[in-house]
Amino acid sequence: MRGISKRSEKAKERGLTMKETRIDKPHKNPRVSAIEMQKVRTLLREAEKSTARRKYDETEKLLIQALTLSPESVEVRAELAKLYLTMERDPKAEALYRELLLDADEVSFHANLGLACYKQGKFEHACVSYQEALNRDPKSPERAAALGRCCMAAKRFLEAADLLEKASERLSRDTEILHMIGECYEQLGDLRSAEDAYMRIHRLQPYDEAVKQKLNALAGV
């Protein structure tokens, strides 16, 4: 120990220190960053045009170029995730939305993650994501309907019926929701409520033969 102390003292005399040298990371030139961001904006505009033309492979290449320039960009990653949903590349969309949610707690990211899971048959995972979207946007009947549809797929018919009824209060002329409500009640064995749902459809679409058959069948039970 005495030897180490002596060496330290001699080092001090020579003007040396035992402190760690701090290496500063080079700062990006603001002008370079601005140029890169301009390139990203241009690529995003080009991607939007190619998407409108349904040239999805071209869109993917443009977005990947933008991502190379700005790997942390939430906007670019969100566009790429949305593209993968459009292209039916749902596992990739799911992975991207999970990453995005670590950086941005956006309602649409939760909803689209739910859709990506739903399309893969991961209904319980989808229900969790749709519920998160509804929690953040509780007044949206569309989000209630999406969660209700997902609960149906997961065979959670009681929850589904409740959510779909709430959605139908605001979307009273949406016959697709009413059909789902009728099916839920049939699955639950609540035939009176099922009949009521189909009757609401009948009032909106009196010439729907399938609904008439449903009502006749329920009336005969």
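Definitions and limits used
Residues numbered from 1 in each chain as written. Predicted model: local features only at pLDDT ≥ 70, side-chain atom pairs only at ≥ 80, totals over all residues. Heavy atoms only, no water. Helix = DSSP H or I, 4+ residues; strand = E, 2+ residues; numbered from the N terminus. Buried < 20%, exposed > 50% of the residue type's maximum accessible area, 1.4 Å probe, protein only. Contact = heavy atoms within 4.5 Å. Phe/Tyr/Trp six-rings, centres within 6.5 Å; stacked < 30°, edge-to-face > 60°. Core = buried A, V, L, I, M, F, W, Y, C linked by side-chain atoms within 4.5 Å.

1. Thoughts on the overall build of the protein chain
And then number 1: Check the secondary structure of the protein chain and you find 12 helices and zero strands.
And then number 2: N-terminal to C-terminal, the α/β element order of the protein chain is α-α-α-α-α-α-α-α-α-α-α-α.
And then number 3: When each of the 221 residues of the protein chain is scored for burial, the buried share is 35%.
And then number 4: Here the analysis covers contacts within the protein chain between residues at least 6 apart in sequence; of these, 39% occur between residues at least 24 apart.

2. Looking at unusual backbone geometry
And then number 1: Look at Arg-54: it is not a glycine, yet its phi comes out positive at around 60 degrees.
And then number 2: Within the secondary structure, Arg-54 is located in the loop between helix 2 (30–52) and helix 3 (56–69).
And then number 3: Residue classification places Arg-54 among the exposed positions, given a relative accessible area of 64%.

3. Focus: the packing of aromatic side chains
And then number 1: If you walk through the whole model with that rule in mind, you get two aromatic pairs.
And then number 2: For the pair Tyr-97 and Phe-109, a centre-to-centre distance of 6.0 Å together with 45 degrees between the ring planes defines the contact as tilted. With Tyr-97 in helix 5 (residues 90–103) and Phe-109 in helix 6 (residues 107–119), the pair connects residues that are 12 residues apart, well separated along the chain.
And then number 3: Overall, Phe-109 belongs to the buried group, its relative accessible area being 7%.

4. A closer look at the nonpolar core
And then number 1: With 56 residues, the main nonpolar core has Tyr-97 and Leu-164 as its most contacted residues.
And then number 2: Discounting chain neighbours no more than four positions away, the residues touching Tyr-97 are Ala-78, Ala-81, Lys-82, Leu-85, Phe-109, Asn-112 and Leu-113.

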